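Descriptive structure summary
Next come the chains, spelled out residue by residue.
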Amino acid sequence: MTTDTVTTYLLTNRAFVAPTIGEAMRTLDLGGRRRLLDAGTGAGGGLVALAHAADPDARVLGVDQNADALELAAAYAEREGVADRVETRQADLLDVLAEAARSGAGFDAIWASDVIWPGNFPDPEAAVAALVGALNPGGVLALFSSGYYQATFLPGHSRVQQKLRVASQMNWGIPGDGPTHNERLVHWVLAAGLRGPRVRLMPRAVFPLEDDPTARPYLERVVWPELLDAAREQGREAGMSEEELARAVTLMTPGSDGYALNEPGYHLLHPMLLVTGTLD
């Protein structure tokens, strides 16, 4: 991806997911927690939401390896009036977690949104264990998933969508099943020994698209490019016929005669997930 493409992706995704992240933050009971971590902060959606949800004297550290993403996050914090409560750091997340565990300067809450998956960590379960190791006693871990691979992007075209999902997962190197599969957040939290693990489903349903001004940009700038690239690279390996590949292009190409968003009943369903647990 070019820098402009990454920026477009980060900002568009941040806008679409923001309402659900705000809802998720309200379930975390951040009162009294002073030292917070946004693990893999990206464009700063979680960073700013943590700062807004926590006490005014709390401080939030946002860690990411992408310097361009951190610039977006810092600008967003400034725009939202919380720049004095946050810090950003370009670093390897595992290094930050290890230092926090060694020094005893742990975190009272850690938020990780679409970060812990096999594309980022060869052993996601070990990464969750490292997050837990950086928590202070009584600290809460929150693993958020936007539910990308459970979303309904092409209602009424389920077979094509199913194969596109498989192609996308193959494109990203996500296994079909097993201990590193990206849906095993609850398994990893349980393995880490956290107390009182909970799973909350926070679905987004958009119909008509005009009711949510972030939905069309999200589909056209984030979802369609990613799925079309997956179709080109892995579609045949995922079992797509030439007719299905052509139909996928038609469905996801603005201006085409069969463009999905022009169908009168088009709707978007996005089941986002929050998994939490507390360290004894």
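So, here is what we can say about the structure in this document. (Residues numbered from 1 in each chain as written. Predicted model: local features only at pLDDT ≥ 70, side-chain atom pairs only at ≥ 80, totals over all residues. Heavy atoms only, no water.)

**Quick word on unusual backbone geometry**
Applied cut-off: In this description a helix means any DSSP run of H or I spanning at least four residues, a strand means any run of E spanning at least two, and both kinds are numbered starting from the N terminus. The classification of residues rests on relative accessible area computed with a 1.4 Å probe and restricted to protein chains. Under 20% of the type maximum is buried, over 50% is exposed, and intermediate values are partly exposed.
The amide bond that connects Phe-207 to the next residue, Pro-208, takes the cis arrangement and shows omega of -10°. With a phi close to 55°, Asp-29 is a non-glycine residue in the positive phi region. Within the secondary structure layout, Asp-29 lies in the loop between helix H1 (3–25) and strand E1 (35–39). The exposure class of Asp-29 is exposed, given its relative accessible area of 57%. Its identity is not glycine, yet Asp-114 carries a phi of approximately 50°, on the positive side. Along the polypeptide, Asp-114 turns up in the loop between strand E4 (107–113) and helix H5 (124–133).

**Looking at the sheet that holds strand E2 (residues 59–64)**
Neighbouring strands of a sheet are bound in pairs by backbone hydrogen bonds; such pairs are parallel or else antiparallel. Rules: Any two strands with at least two DSSP bridges between them are considered paired. With axes taken as lines fitted to C-alpha atoms, and helix axes fitted only over the stretch in contact, angles between N-to-C directions fall between 0 and 180 degrees. Contacts are residue-level and defined by heavy atoms, with any inter-residue pair within 4.5 Å sufficient.
Across the sheet, seven strands lie side by side as E3-E2-E1-E4-E5-E7-E6; this open sheet has mixed pairing. At either margin of the open sheet sits one strand with a lone partner, and together these are strand E3 (86–90) and strand E6 (195–206). The average undirected angle you get between the axes of adjacent strands in this sheet is 15°. As defined by bridge partners, E6 adjoins strand E7 (residues 268–278) across 10 bridges and the pair is classed as antiparallel. In the sheet register, Arg-198 faces E7, and the bridge partner there is Thr-276. Here H5 sits on the sheet and contacts E1, E4 and strand E5 (135–145); the angle it forms with E5, its principal contact strand, is near 140°.

**Focus on the nonpolar core**
This is how the line gets drawn: In this text, buried Ala, Val, Leu, Ile, Met, Phe, Trp, Tyr and Cys residues form a nonpolar core when linked through side-chain atoms within 4.5 Å.
If you look at the biggest cluster of nonpolar residues, it comprises 59 residues, and the most contacted ones within it are Trp-111, Phe-144, Phe-153, Leu-164, Leu-219, Trp-224 and Met-252. Element by element, the count of residues in this core is highest for helix H8 (residues 215–234), at nine residues. Contacts of Trp-224, omitting those with residues within four sequence positions, involve Phe-153, Leu-154, Leu-219, Met-252, Tyr-259, Leu-261 and Tyr-266. One finds Leu-61, Val-132, Ala-134 and Trp-188 within the second-largest nonpolar core, a separate group that totals 29 residues.

**Notes on the pattern of salt bridges**
A pair can form between side chains of opposite charge whenever their charged atoms are brought close. Stated precisely, the cut-off is as follows: Should a side-chain nitrogen of Lys or Arg be within 4 Å of a carboxyl oxygen of Asp or Glu, the pair is scored as a salt bridge.
Following the criterion strictly, the structure yields 12 salt bridges and no others. Note that Arg-195 is salt-bridged to Asp-280, the shortest N-O span being 2.4 Å. Taken together, the residues Arg-195 in strand E6 and Asp-280 in the segment after E7 connect sequence positions 85 residues apart. Residue Asp-280 is classed as exposed on the basis of its relative accessible area, which comes to 64%. Through salt bridges with shared partners, a single network forms among Arg-34, Asp-55 and Asp-57.

**A few points about the packing of H1 against helix H3 (residues 67–79)**
Formally: Roughly parallel means an angle under 35 degrees; roughly antiparallel means over 145; roughly perpendicular covers 65 to 115; every other angle is labelled oblique. Two helices crossing with the near one rotated counterclockwise from the far one by less than a right angle form a left-handed crossing, whereas a clockwise rotation gives a right-handed crossing. Only Asp, Glu, Lys and Arg are considered charged in this grouping, and only Ala, Val, Leu, Ile, Met, Phe, Trp, Tyr, Cys and Pro are considered nonpolar; every other residue, Gly among them, is considered polar.
The geometry of H1 relative to H3 is characterised by a closest axis approach of 10 Å and an angle of 40° between their N-to-C directions. Relative to H3, the element H1 is oriented oblique. The two elements H1 and H3 cross, and the hand of that crossing is right-handed. For the pair H1 and H3, contact is made by Thr-3, Thr-7, Leu-10, Leu-11 and Arg-14 and by Asp-68, Ala-69, Leu-72, Tyr-76 and Arg-79, respectively. Tallied by class, the residues present in the contact of H1 with H3 amount to five nonpolar, two polar and three charged.

**With respect to the packing of aromatic side chains**
What counts here: Only Phe, Tyr and Trp rings are paired, with Trp represented by its six-membered ring, and only when their centres lie within 6.5 Å; those with planes under 30 degrees apart are stacked, over 60 edge-to-face, the remainder tilted. Any Lys NZ or Arg CZ found within 6 Å of a ring centre and within 35 degrees of that ring's normal is scored as a charge over the ring.
Following the criterion strictly, the structure yields five aromatic pairs and no others. Pairing Trp-117 with Trp-172 gives two aromatic rings, centres 5.8 Å apart and planes at 75°, and the pair type is edge-to-face. Here Trp-117, found in the loop between E4 and H5, pairs with Trp-172, found in the loop between helix H6 (158–171) and helix H7 (185–191); they are 55 residues apart in sequence, far enough to count as distant. Its relative accessible area of 41% is what places Trp-172 among the partly exposed residues. Here a set of aromatic residues connected by ring pairs shows up, and it is made of Tyr-148, Tyr-149 and Phe-153. In this structure, Arg-14 is placed above the aromatic ring of Tyr-76, and the distance from its NZ or CZ to the ring centre is 3.7 Å. Positioned over the ring face of Phe-16 is Arg-204, at 4.3 Å from the centre of the ring.

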